[in-house]
Amino acid sequence: MKITVQQGSAQSFPTEALVVNLFEGVGSPGGATGAVDKAMNGRISALIASGDIRGKLGEVTVLYPEGGVAAKRVIVVGLGKQEEFGLEAIRHAAGAAAQKIRSLGLTSFATVVHGSGAGGIAPEDAAQALVEGSILSLYTFTRHKTVVEEPTTPIEEMVLIEFDAGKIPAMQAGARAGQIIADSVSFVRDLVNEPANITTPAALAGKAQAMARDLGLRCQVLEREDMQSLGMGALLGVSQGSEEPPKLIILEYQPDAGLPTIALVGKALTFDSGGISLKPSEDMHKMKGDMAGGAAVMGVLWAAAMLRLPFHLVGIIPATENMPSGKALKPGDIVTSLSGKTIEVQNTDAEGRLVLADALTYAGRFQPAAIVDLATLTGACVVALGNITTGLMSTDDRLASQLEAAGQRSGERVWRLPLFKEYGEQLKSDVADLCNVGGRPAGAITAAYFLSQFVGDFPWAHLDIAGTYWTDKPAKPYQSKGATGVGVRLLMDWLRRWEGA
Ligand code: BES
Ligand code: ZN
Ligand code: ZN
């Protein structure tokens, strides 16, 4: 979609559809909506007075003006209550409007920038949220359907209209960032929605290499033999039951020397059957998305490179399947990790922490200023936080609060759980240095605690996205059934506002 910001007044902009807005409970609209209302002889305020338009968040009303304004259609989208307004409401409203425009079969539209100037929202942030909400609400995953039930024509052009010329450069920057970030989220959704027979570890590595070629990144893929000579017994143990060879993908973006190094580690189980500790078959298909952490890391690298962020970013993505077979790990087996620590594998379904153990140790080679990992790690995190919130566990208060703030702004909220050292007791093994499971209590925390044992002395945060990587019931227009692409918006916000470790 071509997205531009143009200076002008909404009522005189010629377009197939013009999107204006309304707060709930406002009788006579002001700003651009007010000007459009006036040009239409008060048709909008008349519909508000009659109760036909109420301004509820995401409410959409299509009007066909007879003269007065240059647009063929005027679409009034509700912004909800003024006191609840924020970037999330902008994404929601923009998404609702964009979906309406698509359902009308239109290929171009113009919109005012909801909330720019209102409630202390910067024009740049408003434009970014508007573009994110619009693009993401139009996401579909139909590439394997030979017949699409409700075919749609893609929207080719979106124009953001702003009267105040002084705000235009900031809006242009915000719109560009929003487009890159939303495209990255869509790319991640595609990767996660794609089934495991297509996104194998080798296919994921191929995608990373293609991305590296396009963007001038470094990409190194460690093969099984490389992992053997390094001594990555934990990652190798998980992969040994599978016919698909494992890959350790290392993607590096380094626009200049001397920039802070950040390591992003993403769990990439292209399929998690549970191994010999086999999962129940209900919902097992969703384990094609057990690589959502790795996909998000690829998405962040892509978006960061597109936006030329001033970082040395290292993406480390351990990619493998977890399958049962005659060669698979058995409960009780002991593996030796890259760190030298031995691990008793009492449950082969707790495999994410095994592959991450070696990836986190490997991340230390880059002497990063911070390490953040993303992983669909535990069902316990889903029990604790549901599908709304990502679990955050960290050994560094500063890093944790930066991520909490990024979660608020980006709409990908996180909630911190403690990592008190007493939790470590649950991971004691009678026969090895550590056991890979810590029993039912505090399952998300003990998993994170396990990871902490492989991080070394770097500021580190762990994001458990087991509840947030997927949705069966999208709650907002900009979400769609299946993969959510979680992580990209959160980490891009964090990086763009980075204030040092
Ligand atoms: N990939 C799963 C976690 C998961 C569950 C992700 C639900 C998304 C939705 C992980 O590998 C796993 O199976 N964890 C086990 C750990 C347990 C055996 C200690 C779990 O949470 O049940
Ligand atoms: Zn598992
Ligand atoms: Zn898993």
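Residues numbered from 1 in each chain as written. Chains lettered and ligands numbered in written order. Predicted model: local features only at pLDDT ≥ 70, side-chain atom pairs only at ≥ 80, totals over all residues. Heavy atoms only, no water.

Some points on the coordination of the zinc ion (ligand 2)
Piece 1. Protein-derived ligands of the zinc ion (ligand 2) are D272 (OD), D349 (O), D349 (OD) and E351 (OE), with the metal-ligand distances lying across 2.0 to 2.2 Å.
Piece 2. With six donor atoms in place around the zinc ion (ligand 2) and angles of 70 to 165° between them, the coordination shape is irregular.
Piece 3. Counting residues between consecutive donors of the zinc ion (ligand 2) along the chain gives the motif D-x76-D-x1-E.
Piece 4. Here the zinc ion (ligand 2) and the zinc ion (ligand 3) are spaced 3.2 Å apart, with D272 acting as a shared donor. Taken as a pair, D272 in strand β10 (residues 268-272) and E351 in the loop between β13 (342-345) and α10 (352-363) lie far apart in primary sequence, 79 residues in all. (Donors = N, O, S within 2.8 Å, 3.2 Å for Na, K, Ca; no water. Tetrahedral: all angles 85-135°; square planar, octahedral: opposite > 155°, others 65-115°. Helix = DSSP H or I, 4+ residues; strand = E, 2+ residues; numbered from the N terminus.)

Overview of the coordination of the zinc ion (ligand 3)
Piece 1. Taken together, the protein ligands of the zinc ion (ligand 3) are K267 (NZ), D272 (OD), D290 (OD) and E351 (OE), with distances of 2.0 to 2.4 Å.
Piece 2. Taken together, the six donor atoms surrounding the zinc ion (ligand 3) define angles of 77 to 171° at the centre, an arrangement classified as octahedral.
Piece 3. Counting along the primary sequence, the residues that act as donors to the zinc ion (ligand 3) give the motif K-x4-D-x17-D-x60-E.
Piece 4. For D272, a relative accessible area of 2% corresponds to the buried category. (Buried < 20%, exposed > 50% of the residue type's maximum accessible area, 1.4 Å probe, protein only.)

Section: the environment of A17
Piece 1. You can see A17 is positioned in the loop between β1 (2-7) and β2 (18-23).
Piece 2. Note: C-alpha distance between A17 and K167 (150 residues apart in sequence) is 23 Å.

Things to note about the sheet that holds strand β17 (residues 434-435)
Piece 1. With respect to topology, three strands assemble into an open sheet ordered β12-β13-β17, the strand pairing being mixed. Each having just a single partner strand, β12 (333-336) and β17 make up the two edges of the open sheet. (Pairing = 2+ DSSP bridges.)

Some thoughts on the packing of helix α9 (residues 292-306) against helix α14 (residues 488-496)
Piece 1. Orientation of α9 relative to α14, taken along the N-to-C sense of each, is 45°, at an axis distance of 9 Å. The angle between the axes of α9 and α14 places the two elements in the oblique class. Relative to α14, the crossing made by α9 is right-handed. Where α9 abuts α14, its residues A296, G299, V300, A303 and A304 lie against V488, L491, M492 and L495. (Axes fitted to C-alpha atoms, helices over the stretch in contact; angles between N-to-C directions. Parallel < 35°, antiparallel > 145°, perpendicular 65-115°, else oblique. Left-handed = near helix turned anticlockwise from the far one by under 90°. Contact = heavy atoms within 4.5 Å.)

Quick look at the site of ligand 1
Piece 1. Surrounding ligand 1, one finds 16 residues, the nearest of these being K279, D290, D349, E351 and G379.
Piece 2. Interatomic distance of 2.9 Å between a side-chain N/O atom of D272 and an oxygen atom of ligand 1.
Piece 3. Within the complex, the protein chains bury 77% of what would otherwise be the 510 Å² of accessible surface of ligand 1.
Piece 4. By residue class, the composition of the shell around ligand 1 is five nonpolar, four polar and seven charged. (Near = heavy atom within 4 Å. Polar contact = N/O pair within 3.5 Å; in protein donor to acceptor, adjacent residues only side chain to side chain. Areas by Shrake-Rupley, 256 points an atom, 1.4 Å probe, with all protein chains shown as cover. Nonpolar A, V, L, I, M, F, W, Y, C, P; charged D, E, K, R; others polar.)

Re the packing of aromatic side chains
Piece 1. What the rule picks out here adds up to seven aromatic pairs.
Piece 2. Relative to Y423, the ring of F420 lies with its centre 6.3 Å away and its plane at 10°, an arrangement referred to as stacked.
Piece 3. F420 sits in the exposed class, given a relative accessible area of 53%.
Piece 4. For the ring pair Y469 and W470, a centre distance of 5.9 Å and an interplane angle of 45° mean the geometry is tilted.
Piece 5. Look at Y469 and you get buried, because its relative accessible area is 6%.
Piece 6. Each residue in the set F311, W494 and W498 is aromatic and connected to the rest through ring pairs, giving one cluster. (Phe/Tyr/Trp six-rings, centres within 6.5 Å; stacked < 30°, edge-to-face > 60°.)

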